[in-house]
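The chain contents come next:
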Amino acid sequence: MTPSRAAEALHHRAVVADAHNDLLCAVVARPPELWGAFFRERWLPQLVAGGVDLQVLPVFVEDPYRPEGALRRTLRMIEAAHRLAEENAGRVALCRTGAEVDRTIADGRIALVLALEGMPGLDGDVELLATMHRLGVRVGSLTHVGRGAFADGSGEDAARSRLTAAGVAAVQEMERIGMLVDLSHLGAAGVSHVLEIATRPVIATHSSARALRDHHRNLPDDQLVAIAAGGGVVCANFFAPFLDDGHPTIDRLVDHLEHIAAVAGVEHTGIGPDFVQEVIAETTPPCCTVTEVQGVPADIYLPGLEGPRGLPLLTDALLRRGWPEADILGVLGGNVQRLLRRELGVPGGR
């Protein structure tokens, strides 16, 4: 598949913001002395080919490290992010504020933003959020699929549980220090609870539309509306089984983007691809092939969008669907950049 010349030109004129790529998991699978080189040789060419200007880097702690090794694993991944940024300073920069993001992109480099996915390393210690903030973390989700100290993940929706007392305190602390609350992976009741108490905009870094695919990882319309009402952004996940229960194509991804834009507003719509194919291949021993992720097949991917290189194909699909250029520019990254410009690293409530 090859995008049209018009799509290529528009894509590389856009600011492309990927709100979720677990590439740090693949980086830390190497010895520390290879972290910077591995990123430079394996991932940087993919990001450049895909036109990525802003990359959120989640710190995801795999099950074997939980609970005892979760904090050590968290710190190791944060260190890896700092090293790969320092060793590739001419091409990328780890950004702590929206102004730093804007300057880095203007310089022609890729802005990297650190995020915590699920925060198992913190357990219920809310005060460690300030520590993570000092280390450069600027986005955080309260839990993953299962149960955590702050909240239940979407895999526990049957429990209909809201945030714990520590979870409420965590949201308040994140707002105080200028860390974006990420709703992806949070259970439905937990999402509603955050939206009730949040005084600042939130983000869903990699969640698609529940109305089009009834999976617990996707967001229903009422929550799409509420996120937008608070000034937040919903970034569609590209993982094929979350988009359709068959073998979806890029057009099905566009369906999800169109639905989110129609319900929440196009200015509140973004992309959070969650490119997991290479990450799973790089981090899974031959003995232990991953066949299922969150109750769906782990080996079905959107043709052409298995990794960052394919991102211009999305621009091509949006153009073919008749999207206005201004809306495409917003969804590809302008909306997320605007949110980060306004909120990233800015302390205090509203």
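Residues numbered from 1 in each chain as written. Predicted model: local features only at pLDDT ≥ 70, side-chain atom pairs only at ≥ 80, totals over all residues. Heavy atoms only, no water.

1. Quick look at the overall build of the protein chain
For clarity, the threshold we go by: Secondary structure elements follow DSSP: runs of H or I no shorter than four residues count as helices, runs of E no shorter than two count as strands, and numbering proceeds from the N terminus. Atoms counted for the radius of gyration: C-alpha only. Globule rule: 2.2 Å times the number of residues to the power 0.38. Each residue is placed in one exposure class: buried if its accessible area under a 1.4 Å probe, protein chains only, is under 20% of its type's maximum, exposed if it is over 50%, and partly exposed if it falls in between. The contact criterion used is simple: two residues touch if any of their non-hydrogen atoms lie within 4.5 Å. Only four residue types enter the charge count, namely Lys and Arg as positive and Asp and Glu as negative; His and the chain termini do not. Just so you know, the charge point we use is NZ for Lys, CZ for Arg, CG for Asp and CD for Glu.
Scanning the protein chain from N- to C-terminus turns up 14 helices and 11 strands. A globule of 350 residues ought to have a C-alpha radius of gyration of about 20 Å, and the protein chain, at 18 Å, matches this closely. When burial is assessed residue by residue, the protein chain has 57% of its 350 residues classed as buried. A separation of at least 24 residues holds for 74% of the contacts in the protein chain among residues at least 6 apart in sequence. Measuring between centres, the 32 positive side-chain charges of the protein chain sit 5 Å from its 45 negative side-chain charges.

2. Re helix α5 (residues 98-106)
The criterion, for reference: Read the arc as the range of directions from the helix axis to the C-beta atoms.
Among all positions of α5, only Gly-98, Val-101, Thr-104 and Ile-105 are buried. Projection of α5 onto a plane perpendicular to its axis shows the buried side chains occupying an angular sector of 125 degrees, all on one side. Facing away from the buried side of α5, by more than 90 degrees, are the exposed residues Arg-103 and Ala-106. Lining the buried residues of α5 we find β2 (52-60), β3 (92-94), β4 (110-117) and α14 (325-343).

3. Describing the packing of aromatic side chains
To keep things clear, this is the line we draw: Working definition: a ring pair exists when centres of Phe, Tyr or Trp rings (six-membered ring for Trp) sit within 6.5 Å. Plane angles under 30 degrees give stacked, over 60 give edge-to-face, the rest tilted.
Across all of its chains, the model carries three aromatic pairs by this definition. A centroid spacing of 5.8 Å and a plane angle of 90 degrees characterise the contact between Phe-238 and Phe-275, whose relative ring orientation is edge-to-face. A residue pair is termed long-range when its members are at least 10 positions apart, and Phe-238 in the loop between β8 (233-236) and α10 (240-243) and Phe-275 in the loop between β9 (269-271) and α12 (277-283) qualify at 37 residues. The class of Phe-238 is buried, set by a relative accessible area of 3%.

4. Looking at the pattern of salt bridges
Counted only if it meets this: The term salt bridge refers to a side-chain nitrogen of Lys or Arg lying within 4 Å of a carboxyl oxygen of Asp or Glu.
Scanning the model with the defined rule gives 20 salt bridges in all. For Glu-278, the salt bridge goes to Arg-42, with nearest N and O atoms at 3.2 Å. Separated by 236 residues along the polypeptide, Glu-278 in helix α12 and Arg-42 in helix α3 (residues 35-49) bring together distant segments of the chain. Since its relative accessible area comes to 32%, Arg-42 is described here as partly exposed. Arg-252 is the partner of Asp-244 in a salt bridge, and the nearest nitrogen-oxygen pair spans 3.3 Å. Accessibility expressed as a relative area gives 21% for Asp-244, which makes it partly exposed. Through salt bridges with shared partners, a single ionic network connects Asp-244, Asp-251, Arg-252, Asp-255, Glu-258 and Arg-321.

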